Amino acid sequence: LWEILSEYQPRTVEAIQKQIVTHIEYTLARSRFTIDHHSAYMATAYSVRDRLLEYFNDTQQYFNEVFPKRVYYLSIEYLLGRTLANALTSLNISGVYRESLRELGFVLEDLYNQEQDAALGNGGLGRLAACYLDSAAALDLPLWGYGLRYNYGMFTQSIIEEKQSEFPDFWLSRGFPWEIERLDVVYAVNMYGFVRKATPAELEDGYKGKFVWEPDMEVLAVAYDLPIPGYKTNTTLNLRLWQSKPSHDFDLMSFNRGNYTAAIALRQECENITSVLYPDDSTPQGRELRLKQQYFFASASLQDIVRRYRKSGRSLLEFGQYNAIQINDTHPAVAIPELMRILLDEEGLPWGEAWAVCVQTFAYTNHTVLPEALETWPVPVMEKLLPRIMQIIFDINCTFLSCVRKRFPGDESRVERVSIIAEGHTQLVRMAHLGIVGSHAVNAVARLHGEIIQDRLFRDFYEMFPKRFTYVTNGVTPRRWLLECNPYLSHVITDTLGSEDWTKDIEQLCRLKDHATSRKLQQQWLMAKRLAKERLILFLKTTQLKDDPNPPTLDPNAMFVVHIKRIHEYKRQLMNILQVLLRYLRLKDYAELVTGTESIPHVVPRVIIFAGKAAPAYTRAKEIIQLIVSAARLINNDPVTRNSLVVFFVADYNVSKAEILIPAADISEHISTAGMEASGTSNMKFALNGANIIGTYDGANIEIAEEVGKEKLFMFGANAKEVEDVRAAYARGEAETIPTDLDRVISFIESGALLSKEERARGITGAGAYRAICDEMRSGTDYWLVAHDFQSYIKAQAQADRAFANPKAWTENSINLTGGMAHFSSDRSVKEYADRIWKVKPCPVPGQT
Ligand SMILES: CCc1ccc([C@H](C)CC(=O)N[C@@H]2O[C@H](CO)[C@@H](O)[C@H](O)[C@H]2O)cc1
């Protein structure tokens with residue numbers, strides 16, 4: 001078998017050029033003489049895909065032969081970004097492709113920019129899933145991802161009249177060359193209808209279950225496969241995304257009944273299921289379509305997994321020994337009753353055995369402690385859409401509660417607290433409780449998060465199943481988030497460490513610390529940071545500033561301070577922009593003292609960059625964006641301060657923009673109210689690129705501080721325990737007087753200083769759109785503790801200023817930061833999942849690399 005491997009495509013310039021031109025002519029059907037950048041990108045992508053497919057087919061072939069225990073990662077989001085650069089790096093053929101294209105008259109980097117981001121996710125959760133696929137492949141783990149092929153990904157954000165506007169993300173409009181449409185991999189998914197007992201006749205002719213679900217609607221799930229290349233290994237894994245299609249025979253019937261509109265409507269309803277990604281990353285909209293999406297991909301994925309397993313001829317009672325299924329937050333939790341349905345109704349397993357298989361198979365990761373983000377579904381909604389599933393959930397809950405009552409006799413309030421069904425006017429299904437009860441492992445994504453889950457959020461469950469609870473601290477892939485996005489720094493690291501081994505064995509990075517005081521390395525390091533800053537400046541000039549008649553000066557010597565993540569009150573972008581306004585007011589004060597000077601002496605010039613999307617229905621988050629944009633407009637146009645302070649809100653933040661912003665940062669902001677950010681992952685990406693952190697004792701910031709030494713970072717603010725105490729005091733009505741600095745800034749906003757010409761023309765005065773924000777700040781009991789942490793935050797910012805004024809010490813610190821980040825590689829995280837939760841071993845595919 002392996003002999004055939006030899007016919008892998010040669011990696012020569014000629015072979016590659018031939019391939020590209022072949023795809024131009026035969027795949028894109030364009031003449032080789034009119035190649036524009038986009039078709040050059042498409043042809044190059046197809047030629048790279050061909051090479052991925054060689055490894056892809058051999059990997060799947062090998063897994064079928066060896067039949068190792070497999071892992072299936074179920075996530076409703078994958079924030080993949082662009083693929084070309086990553087694929088070339090993983091196959092280790094960027095160089096020969098760059099050469100091949102140069103001779104054809106193209107610059108590889110220009111083709112990178114032709115690719116649309118695959119933005120099939122909102123933020124942290126979706127990007128983590130993408131990093132974990134990359135690491136699983138690099139570690140040769142037999143893992144597949146399952147998700148949804150949305151027609152429209154994360155909305156495109158534009159700032160119009162200083163406000164966020166959302167536009168559909170037509171990411172497939174110019175084709176997506178990386179996917180393989182699998183018209184031969186199709187499953188029917190039931191919806192609506194009713195459940196009845198199986199008739200003796202049905203049992204006669206072999207129906208195995210007691211119950212039969214008569215659905216009203218049958219949706220087809222069609223598979224689209226995305227090869228996931230492993231870095232410098234033969235393993236190429238698969239991300240299988242499902243697209244919904246109407247099933248033909250259904251329409252025919254209603255067509256034949258002459259009820260065309262109904263038939264069309266039904267078709268539409270089917271296609272709609274995978275049309276768009278829900279853009280919320282905290283508050284679920286509770287839409288039925290969202291539940292349809294969750295059940296649709298859970299059912300298609302489980303049918304596919306069970307079919308593959310059954311082909312091995314092994315007993316279903318051993319299913320959990322050969323399959324580990326990770327549920328990425330509660331969104332795929334309906335997979336638990338769905339596997340029960342398949343095992344009970346289609347395979348005829350007794351309840352007890354079926355349930356044992358489920359618990360052995362499933363593991364659930366929680367990503368947030370925000371109460372509003374914990375999904376619940378009204379029982380009537382679940383009952384109408386998924387009658388058989390709702391039945392099974394009731395049965396699961398019944399069995400579970402009888403265990404609870406046995407264990408804690410008479411403790412009915414505990415029973416009420418842990419029940420999967422929340423009683424009340426409308427009964428609700430608590431998806432997190434279902435996830436915990438149906439899994440053998442429940443993990444948090446950072447240590448503090450783990451403590452909060454055990455002590456507070458799921459305390460009752462922890463007392464029942466202590467062994468199930470654990471944490472696996474998040475990680476990020478060093479391929480995309482250092483090697484690919486920061487070639488400048490990567491060269492310096494490789495040069496200093498003497499080889500590229502660090503890209504595969506990240507522990508090597510810590511050897512950088514031995515060189516942190518070397519002048520040579522410090523100069524190279526500074527130069528690399530400068531190149532990344534100039535790349536960002538060029539990007540801003542050619543996008544954000546291109547039509548600005550009088551753009552602010554972007555000085556690469558300034559401190560680049562970056563705050564990029566979803567806009568949310570707990571992430572406290574508000575506290576940052578209020579601090580920026582204070583900095584502005586102080587600069588104005590100072591300027592008055594030293595009039596007549598070009599730039600204000602002894603002030604560390606800052607370029608402050610914000611970016612992030614707000615969920616469309618999240619009004620306060622949108623107000624915060626408007627506040628940032630209006631403050632930037634005022635500050636950037638003030639001749640007195642514009643050389644010392646420049647503020648940007650970079651629109652339409654996504655993975656590709658992060659790849660430009662992160663390498664250019666000198667310092668990054670991770671200032672969430674302690675106890676609110678489960679982990680954070682951009683904090684890891686910044687520190688990996690030598691950017692410092694101003695942060696609170698929250699999420700993974702705490703573990704980063706332990707790894708690199710907290711004195712190297714700028715930590716401030718109340719810790720999680722103190723936050724609880726302060727909130728308790730607020731609840732007792734003990735408001736605090738807000739710091740004078742904050743009062744000054746709020747007064748400044750209330751003076752109408754930020755109002756735009758248009759707002760003034762519309763007769764808006766005073767705080768205008770920021771009235772509510774100002775009132776909340778003045779309350780002295782703001783829930784996110786902006787007023788409480790403001791002083792220590794300002795102090796930390798001042799410390800950063802002082803530190804930055806000493807480039808030698810700052811650069812040494814930066815080198816030690818990168819050198820201390822090995823632990824936060826997603827390779828380490830995924831290895832922990834494999835060893836402690838999935839219990840799977842690497843299954844490297846033999847043959848040539
Ligand atoms: C139902 C609406 C919804 C959608 C997404 C989510 C996600 C869980 C939100 C999310 O992305 N959480 C982030 O997950 C990251 C990866 O673990 C963490 O690093 C972040 O701290 C966490 O906010 C919650 C609720």
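What counts, and at which threshold
Residues numbered from 1 in each chain as written. Predicted model: local features only at pLDDT ≥ 70, side-chain atom pairs only at ≥ 80, totals over all residues. Heavy atoms only, no water. UniProt positions renumbered as here; feature names shortened; annotations may be inferred. Patch = residues over 30% accessible without salt bridge, like charges linked within 9 Å, V, L, I, M, F, W, Y side chains within 5 Å. Areas by Shrake-Rupley, 256 points an atom, 1.4 Å probe, with all protein chains shown as cover. Salt bridge = Lys/Arg side-chain N within 4 Å of Asp/Glu carboxyl O. Helix = DSSP H or I, 4+ residues; strand = E, 2+ residues; numbered from the N terminus. Buried < 20%, exposed > 50% of the residue type's maximum accessible area, 1.4 Å probe, protein only. Pairing = 2+ DSSP bridges.

- As annotated in an unreviewed UniProt entry, the protein chain is Alpha-1,4 glucan phosphorylase from Kipferlia bialata.
- In its Catalytic activity (unreviewed entry) section, UniProt records this for the protein chain: "[(1->4)-alpha-D-glucosyl](n) + phosphate = [(1->4)-alpha-D-glucosyl](n-1) + alpha-D-glucose 1-phosphate".
- Per UniProt, the protein chain has the following entry under Function (unreviewed entry): "Allosteric enzyme that catalyzes the rate-limiting step in glycogen catabolism, the phosphorolytic cleavage of glycogen to produce glucose-1-phosphate, and plays a central role in maintaining cellular and organismal glucose homeostasis."

**Points about a nonpolar patch on the surface**
So, point 1. Taken together, the side chains of Tyr152, Phe170 and Val276 make up a nonpolar region of the molecular surface, amounting to roughly 250 Å² of accessible area.
So, point 2. With respect to the helices and strands, valine 276 occurs in the loop between helix 9 (260-272) and helix 10 (288-310).
So, point 3. By relative accessible area, valine 276 is classed as partly exposed at 32%.

**Quick notes on the sheet that holds strand 14 (residues 376-378)**
So, point 1. Ordered by their spatial adjacency, three strands build an open sheet running 14-16-15, and the pairing between neighbours is antiparallel. Where the open sheet ends on each side, the last strands, each with one partner, are strand 14 and strand 15 (421-422).
So, point 2. Inspection of the sheet shows strand 14 paired to strand 16 (residues 428-430) by three bridges, in the antiparallel sense. Its bridge partner lying in strand 16, tryptophan 377 is registered against valine 429.

**Considerations on the pattern of salt bridges**
So, point 1. For the coordinates displayed, the defined rule picks out 59 salt bridges.
So, point 2. Of the charged contacts, one joins glutamate 750 and arginine 778 as a salt bridge, the two residues approaching to 2.9 Å between their closest N and O atoms. Of the two residues, glutamate 750 is situated in helix 29 (residues 740-750) and arginine 778 in helix 31 (residues 771-779); the sequence distance between them amounts to 28 residues.
So, point 3. In this structure, the salt-bridge partner of aspartate 775 is arginine 771, at a minimum N-O distance of 2.6 Å. Of this pair, aspartate 775 and arginine 771 both sit in helix 31, four residues apart, which is roughly one turn of that helix.
So, point 4. By relative accessible area, aspartate 775 is classed as partly exposed at 40%.
So, point 5. Where salt bridges share partners, they join Arg182, Asp225, Arg240, Asp304, Arg307 and Arg308 into one cluster.

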